[in-house]
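Summary of structural features
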Amino acid sequence: MAILLNLETATTNCSVSVAKDGELVLLKELDSANYSHAEQLHVFIEDVLKEASISLHQINGIAVSKGPGSYTGLRIGVSAAKGLCFSLDVPLISVPTLESMAQQSKKSNYNFIIPVLDARRMEVYSTVFDTDLNEIRETKAEIINEESFLEFAEKGTVLILGSGAEKCKEVLKNKNFNFDTTSVPSAKEMAILSYKKFKENDFENIAYFEPYYLKDFILQKKA
């Protein structure tokens, strides 16, 4: 049996889950616009394990959401995951944030699933999946306009979900577009993906692994 701890900190949602053989055992999360990750992540880890009656030394691996997403949020999650992997001598597993989000639509009947994360102004991070959640277009940072994702809407129904869906909704008018503006990445959906990687021994180099920022971090100077 594989017991995996999943950490999701790529957006405003600080989320932790523990799973056995890909089946969710316990989930704890808080979606706060104030980014509570630094204060809550380790507390949530302790709470989830305690409530699940699982000790740290029973954990077989640590999975972390790899991005894209918030620079600071990703750094916090990856740093915590690396620290646990080093101390417990267990493997590090990375789960693409947008692939995890797409799992939220697993039982839907849409032809295309497009998770989108707000990247400020009219830009989003996005990936395109088919109805079976196979990735059919790679992750991009793109500026939304009237032509965005139109090639998919012309072929079938499209679900756009995530924090970037609101700005998409304002611009994309094809009748085949559907929007879910409430979805956030969660450690709940990470469970099945991290277990799949665990079985395949698809692990990261703990010392050298870095989050997938997609865009360079730009420090904003005060005026």
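Above this note sits the structure.
So, here's what we can say about the structure.

About the thresholds
- Residues numbered from 1 in each chain as written.
- Predicted model: local features only at pLDDT ≥ 70, side-chain atom pairs only at ≥ 80, totals over all residues.
- Heavy atoms only, no water.
- Helix = DSSP H or I, 4+ residues; strand = E, 2+ residues; numbered from the N terminus.
- Rg over C-alpha atoms; globule rule 2.2 N^0.38 Å.
- Buried < 20%, exposed > 50% of the residue type's maximum accessible area, 1.4 Å probe, protein only.
- Contact = heavy atoms within 4.5 Å.
- Areas by Shrake-Rupley, 256 points an atom, 1.4 Å probe, with all protein chains shown as cover.
- Lys, Arg positive; Asp, Glu negative; His and termini not counted.
- Charge placed at Lys NZ, Arg CZ, Asp CG, Glu CD.
- Salt bridge = Lys/Arg side-chain N within 4 Å of Asp/Glu carboxyl O.
- Pairing = 2+ DSSP bridges.
- Polar contact = N/O pair within 3.5 Å; in protein donor to acceptor, adjacent residues only side chain to side chain.
- Axes fitted to C-alpha atoms, helices over the stretch in contact; angles between N-to-C directions.
- Left-handed = near helix turned anticlockwise from the far one by under 90°.
- Nonpolar A, V, L, I, M, F, W, Y, C, P; charged D, E, K, R; others polar.
- Phe/Tyr/Trp six-rings, centres within 6.5 Å; stacked < 30°, edge-to-face > 60°.
- Lys NZ or Arg CZ within 6 Å of the ring centre and 35° of its normal.

Quick look at the overall build of the chain
Of regular secondary structure, the chain possesses 6 helices and 10 strands. Here the chain has a C-alpha radius of gyration of 17 Å; the compact-globule value for 223 residues is 17 Å, and the two agree. Looking at the chain as a whole, 51% of its 223 residues qualify as buried. Across the chain, every contact between residues at least 6 apart in sequence was considered, and the portion connecting residues at least 24 apart equals 62%. Total accessible area computed for the chain in this model is approximately 11,400 Å², and 47% of it derives from carbon and sulfur atoms. In the chain, 24 positive and 31 negative side-chain charges are present, and the distance between their average locations comes to 2 Å.

Quick word on the pattern of salt bridges
Counted by the stated rule, this structure contains 5 salt bridges. One salt bridge connects Glu210 with Arg75, and the closest N-O pair in it is separated by 2.6 Å. Taken together, the positions of Glu210 in the segment after helix H6 (187-199) and Arg75 in helix H2 (residues 71-88) put the pair 135 residues apart, joining distant regions of the chain. Its salt-bridge partner being Arg137, residue Glu142 comes within 3.0 Å of it at the nearest N-O pair. The class for Glu142 is buried, based on a relative accessible area of 17%. Residue class for Arg137 comes out buried when judged on its relative accessible area of 11%.

Considerations on the pairing of strand E8 (residues 135-143)
The pairing of strand E7 (residues 123-130) with E8 spans 6 bridges and is classified as antiparallel. Residue Tyr125 lies in a different strand from E8, and its bridge partner there is Ala141. The turn joining E7 and E8, which pair antiparallel and follow one another in sequence, is formed by 4 residues; a positive phi near 65° is taken by Leu133.

Let's talk about the pairing of strand E10 (residues 177-180)
In terms of strand pairing, strand E9 (residues 158-161) meets E10 through 4 bridges, oriented parallel. If you follow Ile160 over to E10, its bridge partner there is Phe179.

Structural notes on the side chain of Ser94
The topology assignment puts Ser94 in strand E5 (residues 92-95). Reaching out from Ser94, the side chain makes a polar contact with the side chain of Glu204 at a distance of 2.6 Å. If near-sequence neighbours (up to four positions away) are discounted, Ser94 is found in contact with Val64, Lys66, Lys197, Glu204 and Phe209.

Quick notes on the packing of helix H1 (residues 37-51) against H2
Two elements in contact, H1 and H2, have axes separated by 10 Å at closest approach and are oriented at 35°. Here H1 and H2 pass one another in a crossing that is right-handed. Along its contact with H1, which presents His37, Ala38, Leu41, His42 and Ile45, the element H2 presents Gly73, Ile76, Gly77, Ala80 and Leu84. Here the contact of H1 with H2 is built from residues that sort into 6 nonpolar, 4 polar and no charged.

So, the packing of aromatic side chains
For the structure shown, the criterion picks out 4 aromatic pairs. With a centroid separation of 4.7 Å and 25° between ring planes, the pair formed by Tyr71 and Tyr213 is classed as stacked. Of the two residues, Tyr71 is situated in helix H2 and Tyr213 in the segment after H6; the sequence distance between them amounts to 142 residues. Looking at Tyr71, the relative accessible area reads 31%, which means it is partly exposed. Since its relative accessible area comes to 17%, Tyr213 is described here as buried. Over the aromatic face of Tyr212 sits the side chain of Lys66, whose NZ or CZ is 6.0 Å from the ring centroid.

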